[in-house]
Amino acid sequence: METQLWHSTTVICVRRENKVAMAGDGQVTFGDTIIKGNAVKIRRLFKDNVLAGFAGSAADAFALLEKFEVKLEEYSGDILRASVSLAKDWRMDKILRQLEAMLLVANQKSTLLISGNGNIIEPEDNIACIGSGGPYARAAAAAFLKADPNMDIKEIAKSSLEIASRICIYTNSNIVVETL
């Protein structure tokens with residue numbers, strides 16, 4: 001069986017002290033064709049207290065965002081409990097198991113990466129990325145965080161995605177940034 005590389009967007013979440021910024025590019029591709037350049041892949045959920053970004057199949061991601069939002073309501077905004085519940089359902093349900101997307105969620109206290117194989121990962125270095133441009137954005141954010149302790153967190157997220165967009169062909173420079 002041939003393994004296919006998964007190509008998608010780029011979403012980054014960066015935190016410093018009590019601030020968090022999540023940014024996503026706007027490119028939508030179908031195979032090697034750009035379909036749209038201004039998609040919004042970052043959402044505010046649960047009374048605007050949670051940020052969620054997605055990478056992968058748009059339809060799958062929207063289905064997961066809806067389910068995550070229901071879990072947030074069920075667990076009164078507790079993103080860890082909501083994420084665990086979603087990951088469990090995602091892994092166990094025959095239909096959900098087929099979804100090809102990843103979610104990045106954050107609130108004032110935590111950042112979590114949620115995948116369909118049951119993984120829930122909290123980054124130890126305050127940077128989390130998903131999508132094919134993620135490694136480039138992550139490297140840029142790490143450099144910005146180290147180089148300038150006064151650089152605005154929103155600017156770090158945006159600038160990191162801009163760098164990724166110059167390297168990854170599945171990432172563009174039409175960037176949306178949300179902060180908490």
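The preceding data block contains the structure.
Residues numbered from 1 in each chain as written. Predicted model: local features only at pLDDT ≥ 70, side-chain atom pairs only at ≥ 80, totals over all residues. Heavy atoms only, no water.

**Thoughts on the nonpolar core**
Within soluble globular proteins, side chains that are nonpolar tend to cluster in buried spots. Applicable threshold: Only buried residues count toward a nonpolar core, which is a set of Ala, Val, Leu, Ile, Met, Phe, Trp, Tyr and Cys residues joined through side-chain atoms within 4.5 Å. Exposure is judged per residue with a 1.4 Å probe applied to protein chains only, and the accessible area is read against the type maximum: over 50% gives exposed, under 20% gives buried, and values in between give partly exposed. To qualify as a helix, a DSSP run of H or I must reach at least 4 residues; to qualify as a strand, a run of E must reach at least 2; elements of each kind are numbered from the N terminus. Any two residues whose heavy atoms approach within 4.5 Å are treated as being in contact.
With 21 residues, the main nonpolar core has F68, L72, L103 and I114 as its most contacted residues. Mapped onto this core, the elements with two or more residues apiece are β6 (50-56), α1 (58-74), α2 (79-92), β7 (101-106) and β8 (111-114). Dropping the residues within four chain positions of it, I114 is found in contact with F68, S83, L86, A87, W90, M102, L103, V105 and N119. Counting 17 residues, the second largest nonpolar core, distinct from the first, contains I127, C129, A157 and L161.

**Observations concerning the pairing of β6**
This is how the line gets drawn: The pairing criterion for strands is at least two bridges between them, as found by DSSP.
For β6, a buried count of 6 out of 7 residues is recorded, marking the element as mostly surrounded by other parts of the structure. Examined bridge by bridge, strand β5 (residues 42-45) and β6 share 4 bridges and lie antiparallel to one another. Of the residues in β6, the one forming a bridge with I42 is G53. Between the antiparallel neighbours β5 and β6 lie 4 residues, among them F46 with a positive phi of about 40°.

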